[in-house]
Every structure is written in structure tokens, then in C-alpha cells.
Amino acid sequence: MPIDPTTQMSDNALLAAFAKGHADAARLLSERLLPKAYAQAFFRLRNQADAEDIAQEAFIRLWRMAPNWAEDGTKVSTWLYKVVQNLCYDRLRRKPSTSLADIGEPEDSKPAAAEMLQDQTRANALYRALAELPDRQRDAVSMRHLDGMSNPEIAEIMELSVEAVESLISRGKRKLSDILQSHKSELGYANG
């Protein structure tokens, strides 16, 4: 029996349905979580092909462990996020990273090319500034503000208290602001 795509089933319930042979559950869970897994991998690796590989490998692992999923309060999305994060760390250890400065700007024939270039410059500046943060601050800030995760979810992934996560995010945002402040005019922001 197909699962209604408008269903409000939780991710955990969809995984359990998949384990029982409902292919529609896998499709719905993929539609919900695959874009987030890809975005997380792309943020960490800055390479489309690698990000696609990581997201695909994370889902293969999810499907393999589905029959053994223990309903212990862990959310499927949190488990998947940890898997993607670990796969990214493994990939970065194996492969020398490319500096953002070595990556050329993409050619664009759209009429608003100047605006898109400015947006790309700002994004690159943000990623360079994020790279200057200590690892734990960078992870907490990126999970909160780039991946849209809640502080309790981040706390679970990082195995910290919510208060510790809030502190990491606060310190990380202050340091980011300090780093980016000196580049304000070159990023197209008026001084003041």
C-alpha cells in the first residue's frame, strides 16, 4: 500500500516503514533529507561531485541499517548528519584540500552577473572567515546558521550541553564579525 506523500509521518516512522518494505517511505525520506545531506557535504567539501558521493554513501548506510534501527530517541536526521560529517572528515583526510583562492569564479552569462559575482565574493569571504574559526566554533555556527539546525540537535551531535553550544555559537559569531569587519568595503557594504 503506497504512503501518501502529504503524510505527516516522522523521519523515524518513514525509516521503519522502509524497513518493512514500503518503497514510498524511502522516496519520501530521501526527498526530505537528501538535500540537507548534500548541502552539509558541499559546505564542508566545496566540491559538487564529492558532496554528491558523500550524500549518496550516507543514504546507502541509512538503508542498510534501517532493519536494525533502534527507536531510542535518536532522530534519523541527527544520525544522518553525524554520518555525513564523519564521511566528510574522512574525505578531507584522504584528499588534499583546495584553497578557495585557487578556485576560479564561474562564468555566468546572466544579465545580473555583477550581482552574482558580488554574492559569490561575499560567500567566499564568509567561508574563508569560517575556516579561521576554531573547529568546534566553526561546526556549531555552520550547523546553526547554514544547516538550520536547532541548538538541541547541535548539542546532541557535538555531545555537548545546549549551553555550551550557545556559547560556541556566540563566540564564533563575534569572531566572524571581527574577521569580516576589515573587509566591509571590499565586500560592497558601506562603512558605518
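Scroll up for the structure.
Residues numbered from 1 in each chain as written. Predicted model: local features only at pLDDT ≥ 70, side-chain atom pairs only at ≥ 80, totals over all residues. Heavy atoms only, no water.

A. Region of the structure containing helix α8 (residues 162–181). An ideal rise of 1.5 Å per residue puts 28 Å on 20 residues; α8 measures up with 28 Å between its terminal C-alpha atoms. Among all positions in α8, only Val165, Leu168, Ile169, Gly172, Leu176 and Ile179 are buried. Down the axis, α8 shows its buried residues gathered within 95° of arc, on one side only. Seen from the open side of α8, the exposed residues pointing more than 90 degrees away from its buried face are Glu163, Arg174 and Asp178. (Helix = DSSP H or I, 4+ residues; strand = E, 2+ residues; numbered from the N terminus. Expected span 1.5 Å × (residues − 1). Buried < 20%, exposed > 50% of the residue type's maximum accessible area, 1.4 Å probe, protein only. Arc of directions from axis to C-beta.)

B. Up close: the packing of aromatic side chains. In total, this model carries five aromatic pairs according to the counting rule given. Between Phe43 and Tyr127, the aromatic rings sit 5.3 Å apart at their centres with planes inclined by 45°, giving tilted as the arrangement. Taken together, the positions of Phe43 in helix α2 (residues 23–45) and Tyr127 in helix α5 (residues 113–132) put the pair 84 residues apart, joining distant regions of the chain. For Phe43, a relative accessible area of 11% corresponds to the buried category. Put simply, the rings of Phe18, Phe59 and Trp63 touch in pairs and so form one group of aromatic residues. (Phe/Tyr/Trp six-rings, centres within 6.5 Å; stacked < 30°, edge-to-face > 60°.)

C. Here's a closer look at the nonpolar core. Of all hydrophobic cores here, the largest spans 25 residues; its most connected members are Leu15, Leu29, Ile54, Leu62, Val76, Leu80 and Val84. Only α1 (11–19), α2, α3 (48–65) and α4 (76–94) provide two or more residues apiece to this core. Once residues within four sequence positions are removed from consideration, Val76 is found in contact with Asp11, Asn12, Leu15, Leu29, Leu33, Leu62 and Trp69. Among the nonpolar cores identified, the runner-up in size contains 11 residues, and Met143, Ile157, Met158 and Ile169 belong to it. (Core = buried A, V, L, I, M, F, W, Y, C linked by side-chain atoms within 4.5 Å. Contact = heavy atoms within 4.5 Å.)

D. Representation of the pattern of salt bridges in the model. Going through the model one piece at a time under the given rule, you end up with nine salt bridges. A salt bridge links Asp90 to Arg93; the shortest N-O distance between them is 2.7 Å. Here Asp90 pairs with Arg93, and both are found in helix α4, just three residues apart, close to one helical turn. Among the ionic pairs, Asp135 bridges to Arg138, the shortest N-O distance being 2.6 Å. Within this pair, Asp135 and its partner Arg138 are both found in helix α6 (residues 135–146), separated by three residues, close to a single helical turn. (Salt bridge = Lys/Arg side-chain N within 4 Å of Asp/Glu carboxyl O.)

E. Broad picture of the side chain of Asp139. Note that Asp139 resides in helix α6. A distance of 2.7 Å separates polar atoms of two side chains, one belonging to Asp139 and the other to Tyr89. In this structure, Asp139 is in contact with Arg44, Gln85, Tyr89 and Met158, ignoring residues within four places of it in sequence. (Polar contact = N/O pair within 3.5 Å; in protein donor to acceptor, adjacent residues only side chain to side chain.)

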